[in-house]
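Below, each chain spelled out in residue letters.
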Amino acid sequence: MVRTIEHRDAIRSSLAVVFAVSAYGLSFGALAVTAGLTVWQTSVMSLLMFSGGSQFAVIGIIASGGASAGVAAIASGALLGARNGLYSMRMAPIIGGTWRRKLLAAQITIDESTAVAIAQPTLHAQRVGFWWTGTGIYIGWNITTLAGALLGDALGDVRQYGLDAAAAAAFLGLLWPRLKELQPVVVAIAAAVVAALLTPALPPGLPVLAAAAVAVVVGLTNWLGKRKARPVVAEDLP
Amino acid sequence: MSIWTIVLLSSVAVLMLKLAGYLVPASVLERPTPARVSGLLTVALLAALVAVQTIGAGQQVSIDARLPAVAVAAGLFALRVPFVVVIIAAAGTAALIRALT
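Given the structure is predicted, the values throughout are model-derived calculations rather than measurements.

Rules used throughout
Note that residues are indexed from 1 along each chain, following the sequence as it is written. By the order in which they are written, chains take letters starting at A while ligands take numbers starting at 1. For a predicted model such as this one, the threshold for reporting local features is a pLDDT of at least 70, and the threshold for listing and counting side-chain atom pairs is 80 or more; totals across whole chains, interfaces and linings nevertheless cover every residue. Whether two residues are in contact is decided by their C-beta atoms, placed from the backbone, lying within 7 Å. A helix here means a DSSP run of H or I that spans at least four residues, while a strand means a run of E at least two residues long, and both kinds are numbered starting from the N terminus. For this classification, Asp, Glu, Lys and Arg are treated as charged, while Ala, Val, Leu, Ile, Met, Phe, Trp, Tyr, Cys and Pro are nonpolar and the rest, including Gly, are polar. Lines fitted to C-alpha atoms define the axes here, with helix axes fitted over just the stretch in contact, and angles between the N-to-C directions of these axes take values from 0 to 180 degrees. The scheme is simple: roughly parallel for angles under 35 degrees, roughly antiparallel for over 145, roughly perpendicular for 65 to 115, oblique for anything else. Whether a crossing is left-handed or right-handed is set by the direction in which the near helix is turned from the far one by less than a right angle, anticlockwise for left-handed and clockwise for right-handed. Start and end positions for the domains come from either an automated domain assignment or a database one.

Student: Give a detailed account of the interface of chain B and chain A, specifying residues and quantitative values.
Tutor: Size of an interface: often given as the accessible area lost when the parts come together. If you look at the interface, chain B gives 69 residues, while chain A gives 88 residues. Listing elements by their share of the side of chain B that touches chain A, those giving two or more residues are α1 (3–23), α2 (27–30), α3 (32–55), β2 (60–61), α4 (66–78) and α5 (83–100) of chain B. No other element matches the 23 residues that α3(B) contributes to the side of chain B that touches chain A. Partitioning the side of chain B that touches chain A into residue classes produces 48 nonpolar, 17 polar and four charged.

Student: Please set out the packing of helix α1 (residues 5–22) of chain A against helix α8 (residues 123–155) of chain A residue by residue, giving values where relevant.
Tutor: Residue and element names in this part refer to chain A. For the pair α1 and α8, the least separation of the axes is 8 Å and the interaxial angle reads 25°. Taken together, the axes of α1 and α8 are roughly parallel relative to one another. Where α1 crosses over α8, the two elements pack in a sense that is right-handed. Contact with α1, carried on its side by E6, H7, D9, A10, I11, S13, S14, L15, V17, V18, V21 and S22, involves H124, A125, V128, G129, W132, T133, G136, I137, G140, W141 and T144 of α8 and no other residues of that element. Counted by class, the contact of α1 with α8 contains eleven nonpolar, ten polar and two charged residues.

Student: Can you tell me about the domain arrangement of chain A, naming the residues and giving the values?
Tutor: All names here are of chain A. Each assigned domain of chain A is listed here: domain 1 (5–178) and domain 2 (179–231). The C-alpha-based centres of domain 1 and domain 2 are spaced at 22 Å. At five residues, helix α5 (residues 70–95) tops the list of elements feeding residues into the side of domain 1 that touches domain 2. Looking at the side of domain 1 that touches domain 2 residue by residue, the class counts come to eight nonpolar, three polar and one charged.

This is the structure we're talking about:
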């Protein structure tokens, strides 16, 4: 295969993203066992679900509400995963090919693989960027998840190490790169206030879902938004 | 509902959403509203999770070492410090406050 400059550049940006993102898996693994999952359950989640935001959301709600908050945990995970569906739509014409290739592509269609792909200048480089980033993070994320889970399991009383505060900080880290315009900042503050105010009133998990209503209302009315829609993924790279 | 049920159902749901995007016609993407709602949904859910993980304790509100730890994390994210370093700093802040009080 002839390796063009674009090809090499695509691989280089993929690897940079792979190393940066795989490290999150360590915190996910440790926090998941802290939330009450077994090492097995934690690893199955990273293998099957493979979407950081959704995975953190599910274990976050299990941490506060236990297994009885299951419905809210599943709903929050799925709502956070909805954006992956938009990325898939964006990637479908780039991936092309047979349904089997699309099936494989679907599993690794996440924020990072889509962002690296669409940043490349040629179709070939876009494909290279997508597969290298997606596959690389899939491998790295699953290895670090297992390592984090084993580490979390060995630590015992996690509050002593501040791991509960680390969970909140992890969500803040996923949120941070998305706060570049007025509209998302206002939605974030309103959602946090709604969730905090409803915490004493509703069973664990439901305040988070109620806060999602803020996004739906602002999104449908485009309150404080710009007239023209921005491209779907451009700013989603952490 | 068992933890296994939650893990499997939520995983399948997220996987189905990824697959669905490869099956629907691309014209849906041309419309700005679904893209905007989905982007804001992500922001709202993450912000709500920050709030609940910082001050929630089951169905109670509790102000403790987590709040200063998250404030430290916010400052470090603003300074563009890498994710993992911030997480460790936040955990360290909470651990230190708990050890001293």
